[in-house]
Amino acid sequence: MSTVSVVTCRSYEPAALDQALRSALEPLGGIGGFVRPGMKVLLKPNLLAPLSPERGVDTHPALVSAVARLVRQAGGEVLVGDSPGGPTDIAPQVWRASGLGAIAEAEGIPLVPFDSGVWRQHNGHGYLIARPVLEADLIINLPKLKTHSFVLYTGAIKNLFGAIPGTRKRELHLRAPGVEEFSHVLVDVLALARPGLSIVDGILGLEGNGPGASGRPRAYNCLLASADPVAVDAVCAHALGFGPGRVRHIQLAAARGLGTAALEHIRVVGEPRALEFGHVRLPAARWLFRVPPPGITRPLDSLLRAKPRFIAGACVGCGSCVQACPVGALEAGRPPRLSRATCVGCLCCAEICPHAAIEPQRSLLARLAGLGR
């Protein structure tokens, strides 16, 4: 059975966080069960956008710092890297805004940009994987506990999509515009960038229309750790309120033998009651993002997909959404102009918008069919 360790943690205060982190890792053999002296250890946080820690979007820098200290105590060499949404040159801006840059400088933690990569083939497709990911002896995955407007939930598996440098992510969204196709992409990347340990930052996360600024910060007050990224995602998704099989990339990863998704085959240790979150606001468009039922053709499926809607007065015309769109469906403006015929409904624009100015909107066909009420 796969093991997922859960502990209560209500603060990013260093002493409390260190204790909670050690408690979470103890049932897994402690940090020494993963890190050996001399190992090059890459910490892979979730650094989506240039937002402050209290927004609950990016992995908190205090957790990155705490894990780095443990790795160093075990004799490992620490590196921190990610590729945020948008072009590769946005990374320094995200490091500064998230607070990670200041902590890394103060503690001498190298920040490595994912600005180049190596082509890898998997499942009949090619992927550019960031070089530091492939060169590390161990990847410690540090995702955030968040809902996601497109794939419903983002955690250990989805966080590894950041192993794709910069705008190469847009190419994959273009190749895989639907949830089913994109879920296969996420699982391919998991297979290519296998983390040895995943620690989920659930102290402060998001609910609602995450994973970006459109989500609502939510104190889940917990940390989770597991050597199995599929198992920890299955446990988190269940705690948020998603039924078995609803989050497609978790289901696919388990089917490919990359981990365990069946809750009856997952041993949850520590403080399981910390996962009793109560009611969680799920993504507004969750009714649509599932595998199309039999008889629904791909063209009809694309007509049913939610499209972005700009919230009056919230847009500042920064152009982040225009850069993020994989199909060029947005033209710069305040708000940008959307070509609904070109839009594939991936909601990358809503994910990357730092001002919560974009939300999913049901298509006309979905409204006429009475879906999503």
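Going by the structure above, here's the rest.
Below: a short report on this structure.

How each quantity is defined
- Residues numbered from 1 in each chain as written.
- Predicted model: local features only at pLDDT ≥ 70, side-chain atom pairs only at ≥ 80, totals over all residues.
- Heavy atoms only, no water.
- Helix = DSSP H or I, 4+ residues; strand = E, 2+ residues; numbered from the N terminus.
- Rg over C-alpha atoms; globule rule 2.2 N^0.38 Å.
- Buried < 20%, exposed > 50% of the residue type's maximum accessible area, 1.4 Å probe, protein only.
- Pairing = 2+ DSSP bridges.
- Core = buried A, V, L, I, M, F, W, Y, C linked by side-chain atoms within 4.5 Å.
- Contact = heavy atoms within 4.5 Å.
- Axes fitted to C-alpha atoms, helices over the stretch in contact; angles between N-to-C directions.
- Polar contact = N/O pair within 3.5 Å; in protein donor to acceptor, adjacent residues only side chain to side chain.
- Phe/Tyr/Trp six-rings, centres within 6.5 Å; stacked < 30°, edge-to-face > 60°.
- Salt bridge = Lys/Arg side-chain N within 4 Å of Asp/Glu carboxyl O.
- Disulfide = S-S within 2.5 Å.
- Arc of directions from axis to C-beta.

1. Comments concerning the overall build of the chain
Step number 1: Across its full length, the chain carries 14 helices and 16 strands.
Step number 2: Computed over C-alpha atoms, the radius of gyration of the chain comes to 19 Å, within 12% of the 21 Å expected from 2.2 N^0.38 for 373 residues, which places it in the range of a compact globule.
Step number 3: When the backbone C-alpha atoms are referred to their principal axes, the chain occupies close to 60 × 45 × 40 Å.
Step number 4: Counting all 373 residues of the chain, 57% fall into the buried class.

2. Let's talk about the pairing of strand 5 (residues 117–122)
Each regular strand displays side chains that alternate between the two surfaces of the sheet.
Step number 1: Sheet analysis places strand 5 next to strand 6 (residues 125–130), joined by six bridges and oriented antiparallel. The residue bridging Gly-117 from the neighbouring strand is Ala-130, located in strand 6.
Step number 2: Taking the residues that link successive antiparallel strands as the turn, the strand 5-strand 6 hairpin has two residues, and the phi of Asn-123 there is positive, at about 55 degrees.

3. So, the nonpolar core
Step number 1: Of all hydrophobic cores here, the largest spans 59 residues; its most connected members are Val-133, Leu-145, Tyr-153, Leu-224 and Phe-277.
Step number 2: Take this core: its biggest share by element is nine residues, from helix 9 (residues 229–240).
Step number 3: In terms of nonpolar packing, the next biggest core, distinct from the first, is built from 43 residues, Ile-31, Ala-104, Leu-197 and Leu-204 among them.

4. Details of helix 10 (residues 248–255)
Step number 1: Listed as buried for helix 10 are Arg-248, His-249, Ile-250, Leu-252 and Ala-253.
Step number 2: Residues of helix 10 that are buried in the fold lie against strand 9 (152–154), helix 6 (156–159), helix 8 (179–192) and helix 9.
Step number 3: In the stretch just after helix 10, Gly-257 is the one whose phi turns positive, near 80 degrees.

5. Quick notes on the pairing of strand 1 (residues 2–8)
Step number 1: Counting buried positions over the seven residues of strand 1 gives six, a clear majority of the element.
Step number 2: Direction of pairing for strand 1 relative to strand 11 (residues 215–226): antiparallel, over a ladder of four bridges. Bridge pairing in strand 11 places Thr-8 opposite Cys-222.

6. A look at the sheet that holds strand 12 (residues 266–270)
Step number 1: Read across the sheet, eight strands follow the order 4-3-2-7-10-11-1-12 without closing on themselves; strand pairing throughout is mixed. What marks the edges here is a single partner per strand, and that holds for strand 4 (111–113) and strand 12. On average, each strand axis in the sheet is inclined to that of its neighbour by 30 degrees, with strand direction left out of account.
Step number 2: Relative to strand 11, strand 10 (residues 197–208) is paired through 10 bridges, and the arrangement is antiparallel. Directly across from Glu-207, in strand 11, lies its bridge partner Arg-216.
Step number 3: Contacts from helix 1 (residues 14–25) reach strand 1, strand 10 and strand 11, with the element oriented near 155 degrees to strand 1.

7. Here's the deal with the side chain of Ser-98
Step number 1: Inspection of the secondary structure assignment puts Ser-98 in helix 3 (residues 91–98).
Step number 2: Side-chain polar atoms of Ser-98 contact the backbone oxygen of Val-94, separated by 2.9 Å.
Step number 3: One polar contact links the side chain of Ser-98 to the main-chain amide nitrogen of Leu-100, over a distance of 3.3 Å.
Step number 4: If sequence neighbours within four positions are ignored, Ser-98 has contacts with Leu-47, Leu-51, Pro-53, Asp-58 and Pro-61.

8. Remarks on the packing of aromatic side chains
Step number 1: Summed over the entire model, instances satisfying the criterion amount to three aromatic pairs.
Step number 2: Between the aromatic rings of Phe-161 and Phe-182, the centroid separation amounts to 5.1 Å while the plane-to-plane angle is 85 degrees, which identifies the pairing as edge-to-face. On the criterion of sequence distance, the pair formed by Phe-161 in the loop between helix 6 and helix 7 (168–175) and Phe-182 in helix 8 is long-range, its members being 21 residues apart. Both residues of the pair, Phe-161 and Phe-182, belong to the buried class.
Step number 3: Between Tyr-220 and Phe-277, the aromatic rings sit 4.7 Å apart at their centres with planes inclined by 55 degrees, giving tilted as the arrangement. Here Tyr-220 is found in strand 11, whereas its partner Phe-277 is found in the loop between strand 12 and helix 11 (298–304), with 57 residues between them in sequence.
Step number 4: Here a set of aromatic residues connected by ring pairs shows up, and it is made of Phe-150, Phe-161 and Phe-182.

9. A short note on the pattern of salt bridges
Step number 1: Scanning the entire structure with this criterion turns up 12 salt bridges.
Step number 2: In this structure, Asp-188 and Arg-256 form a salt bridge, with 2.6 Å as the shortest nitrogen-oxygen distance. Within this pair, whereas Asp-188 is found in helix 8, its partner Arg-256 is found in the loop between helix 10 and strand 12, the two being separated by 68 residues in sequence.
Step number 3: Residue classification places Asp-188 among the buried residues on the basis of a relative accessible area of 1%.

10. Considerations on the state of the cysteines
Step number 1: According to the stated counting rule, one finds zero disulfides in the structure shown.
Step number 2: Here Cys-353 stays unpaired: no disulfide links it, and the sulfur of Cys-318, its closest cysteine neighbor, is 6.0 Å away.

11. Examining helix 7
Counting along an α-helix, one turn takes 3.6 residues, and residues three or four places apart therefore face a common direction.
Step number 1: Along helix 7, the residues classified as buried are Lys-169, Leu-172 and His-173. Down the axis of helix 7, the smallest arc covering the buried residues is 100 degrees, so these residues share one side.
Step number 2: The secondary structure elements touched by the buried residues of helix 7 are strand 6, helix 8 and helix 13 (348–352).

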